[in-house]
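Letter by letter, the chains look like this.
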Amino acid sequence: MKSGANYSGHFSLFEIGCGTSCIFAFLIDGRDGRVVDFPLGGEDNYQLQLHYGIDSTLLQAEWMDTSNDKYDTCVRRFYDVGSGNLTMAFESSYKIEPHSFCGQ
């Protein structure tokens, strides 16, 4: 947090690798040090990619849906942190070629 906020004005979002195509994320409110519940990460969200900025309350997350063992569907979900907590705003999915990556 020493480097300052990187999301929505006063939040710091940290991404930590946990293996090949695996990350965990932690969201901390820089105003009071509160750790905000972050619902994504680990093997349940394979190939998780997060897109966010200092000047927006929106966060875009994309990952591969591994529940059907076909590895051909990606999930795109948008969250909003305007209330101080992450709230899901929208979700969609799309097909990809087998053995491809989400977000390309």
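Each residue is numbered by its place in its chain's sequence as written, counting from 1. Where totals are concerned, whole chains, interfaces and linings use all residues; where local detail is concerned, this predicted model gives features only for residues with pLDDT of at least 70, and gives and counts side-chain atom pairs only at 80 or more. For side-chain calculations, the full set of non-hydrogen atoms in the structure is used, while hydrogens and water are omitted.

Our focus in this paragraph is the overall build of the protein chain. Secondary structure elements are taken from DSSP: a helix is a run of H or I of four residues or more, a strand is a run of E of two residues or more, and numbering for both begins at the N terminus. Of regular secondary structure, the protein chain possesses zero helices and seven strands. Listing every helix and strand of the protein chain by position from the N terminus yields β-β-β-β-β-β-β. For a compact globule of 104 residues, the expected C-alpha radius of gyration is about 13 Å, and the protein chain comes in at 14 Å, within 12% of that figure. Considering only C-alpha atoms, the protein chain reaches an extent of 45 × 25 × 20 Å along its principal axes. When the accessible area of the protein chain is evaluated, it comes to approximately 6100 Å², of which 50% is carbon and sulfur surface. As a reference, a globule follows 2.2 Å times the number of residues to the power 0.38, and the radius of gyration itself is taken over C-alpha atoms. Surface accessibility in these figures is a Shrake-Rupley result with a 1.4 Å probe; residues are shielded only by whichever protein chains are displayed.

Among the surface-exposed residues, Ile16, Phe24, Phe26 and Val35 lie close enough to one another that they form a single nonpolar patch of about 380 Å² accessible area. Buried means the residue's accessible area, taken with a 1.4 Å probe over protein chains only, is under 20% of the maximum for its type, while exposed means over 50%, and partly exposed covers the values in between. Judged by relative accessible area, Phe26 falls into the partly exposed class, the value being 40%. Put simply, a patch holds well-exposed residues, over 30% relative accessible area, that have no salt bridge, with like charges counted together within 9 Å and Val, Leu, Ile, Met, Phe, Trp or Tyr side chains within 5 Å. The term salt bridge refers to a pairing of a side-chain nitrogen on Lys or Arg with a carboxyl oxygen on Asp or Glu at a separation within 4 Å.

Next up on the list: the sheet that holds strand 3 (residues 35-36). Any two strands between which DSSP finds at least two bridges are classified as paired. Here three strands make up an open sheet; going across it, the order is 1-2-3 and the pairing antiparallel. Each edge of the sheet is formed by a strand with only one pairing partner; in this case those strands are strand 1 (11-17) and strand 3. Where strand 2 (residues 23-29) lies against strand 3, two bridges are found, and the strand directions are antiparallel. Considered in strand 3, the bridge of Leu27 is made with Val36.

This next bit is on unusual backbone geometry. Notably, Ser8 is not glycine yet its phi reads approximately 50 degrees, a positive angle. Structurally, Ser8 is set in the segment before strand 1. Positive phi, close to 55 degrees, is recorded for Tyr71, a residue that is not glycine. Along the chain, the position of Tyr71 falls in the loop between strand 5 (58-64) and strand 6 (73-80). Note on Tyr71: relative accessible area 36%, which makes it partly exposed.

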